[in-house]
Amino acid sequence: MQFIDLAAQQQRIRSDIEKRIIAILDHGRYVFGPEITELEKELAGFSGVKHGISCASGTDALLMSLLAYGVGPGDAVLTTPFTFMATAGTISLLGATPIFVDIDPETYNLDPAALARAIESCRTGEGPGLPKSVDVGQLNLKGIIGVDLFGLPADYEAINALAKENGLFVIEDAAQSFGALYQGRRAGSLAEVATTSFFPAKPLGCYGDGGMIFTDDDDLAEKLVSIRNHGAGKDKYDNVRIGLNGRMSSIQAAVLLSKFSIFEEEIDLRQAAAERYTEMIKQAGLKLL
Ligand SMILES: *Cc1c(COP(=O)(O)O)cnc(C)c1O
């Protein structure tokens, strides 16, 4: 059984996707084509944030965000161990130390009470859950990556409050929650910076790899645009920082624009299917968590 039937979905929009891809074959702007700006504007608007910065994957979105915050060797970032590899992987890739905080057994997301304890442990250098291989007291605790698992946003009201009290940044890893709501706001707008993935199996997926970063912060947005393109400055051969090639291709943006046109309807269908499952599981006398 197909949980996400991409073939059936494609049938609904096939001619629109073809039209958009043919337009790219005609205009020839395969990188930074007009589809990129249009997609960034549409999705930032949908999420309710000022800036959407498209990129090559959800992993690059995390990596670029950590780079924008200057995370590197000697730094620590708090996150959940119950997530896809990329969340903690990008922290380690930059030479920083991921410190794992336990999850809430009801939601499987970061437990704010455990987060508060972990922040305290990092300050004192002792406590449960700290990595034994490093002297945590010597690390500079910089931020938190909250992860929205299986479409359910983490408790950002509590996470953002703890971050503020302790001078930490918060990144929302919304790779699994694009389109979800939390206290009336869309996933992608729940922390200072949010990242998402457009891998085909995610809530909104392209036909390859893609990602996006969302933020209201003008300075961070400018940095992220530069980091995405080898640390570009004002012109092509002016490079002002270390960055990467994190660009999304115009063809993936075209696929996403087409799929986004039916996205809200698809969320409703998904919710209706979930409700039907819940009802039938209850009727069968099975216990839901
Ligand atoms: C899929 C996923 C990512 C990585 O996204 P890619 O586009 O595959 O690089 C990061 N975090 C979480 C929680 C994910 O589910």
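Up top is the structure.
I will try to describe carefully the structure that is included in this document. (Residues numbered from 1 in each chain as written. Predicted model: local features only at pLDDT ≥ 70, side-chain atom pairs only at ≥ 80, totals over all residues. Heavy atoms only, no water.)

From N to C terminus, the protein includes nine helices and nine strands. Against the 2.2 N^0.38 benchmark of 19 Å for 289 residues, the protein shows a C-alpha radius of gyration of 20 Å, consistent with a compact globule. Dimensions along the principal axes, computed over C-alpha positions, put the protein at roughly 65 × 60 × 30 Å. With 289 residues in all, the protein has 47% of them scored as buried. The long-range fraction of contacts in the protein, counting pairs at least 24 apart against all pairs at least 6 apart in sequence, stands at 65%. (Helix = DSSP H or I, 4+ residues; strand = E, 2+ residues; numbered from the N terminus. Rg over C-alpha atoms; globule rule 2.2 N^0.38 Å. Buried < 20%, exposed > 50% of the residue type's maximum accessible area, 1.4 Å probe, protein only. Contact = heavy atoms within 4.5 Å.)

What follows is about the side chain of Ser189. Examined against the element boundaries, Ser189 turns out to sit in the loop between strand E7 (185-186) and strand E8 (193-197). At 2.6 Å, the side chain of Ser189 forms a polar contact with the backbone oxygen of Arg186. (Polar contact = N/O pair within 3.5 Å; in protein donor to acceptor, adjacent residues only side chain to side chain.)

Here the focus is the packing of aromatic side chains. All told, the structure shown has eleven aromatic pairs when counted by the stated rule. Seen in terms of ring centroids, Tyr156 and Tyr182 are 6.3 Å apart; in terms of plane orientation they differ by 85°. Their pairing is edge-to-face. Taken as a pair, Tyr156 in helix H6 (residues 156-166) and Tyr182 in strand E6 (residues 181-182) lie far apart in primary sequence, 26 residues in all. Measuring from centroid to centroid gives 5.6 Å for Phe178 and Phe263, while their planes differ by 25°, and the two rings are stacked. Here Phe178, found in the loop between strand E5 (169-173) and E6, pairs with Phe263, found in helix H9 (residues 263-283); they are 85 residues apart in sequence, far enough to count as distant. Comparing Phe178 with Phe263, the two get one shared label, buried. Ring-pair connections join several aromatic residues into one group, and the members of that group are Phe46, Phe178, Phe198, Phe214, Phe260 and Phe263. Lying across the ring of Phe84, Lys202 places its NZ or CZ 5.6 Å from the centre. (Phe/Tyr/Trp six-rings, centres within 6.5 Å; stacked < 30°, edge-to-face > 60°. Lys NZ or Arg CZ within 6 Å of the ring centre and 35° of its normal.)

Three or more residues of helix H4 (residues 85-93) are buried, namely Ala86, Thr87, Ala88, Thr90 and Ile91. For H4, the elements touching its buried residues are helix H3 (58-68), strand E2 (75-79), strand E3 (97-100), strand E4 (140-147) and E5.

For residues that are not glycine, phi is negative in most cases, and the peptide bond is trans in most cases. Unusually for a residue other than glycine, Phe32 sits at a positive phi of about 55°. Of note, Phe32 is situated in the loop between helix H1 (6-27) and helix H2 (34-47). Phe32 gets classed as partly exposed once you look at its relative accessible area, which sits at 32%. The residue Phe150 is not glycine, and still its phi comes out positive at about 50°. The topology assignment puts Phe150 in the loop between E4 and H6.

The values are spatial; any link to function lies outside them.
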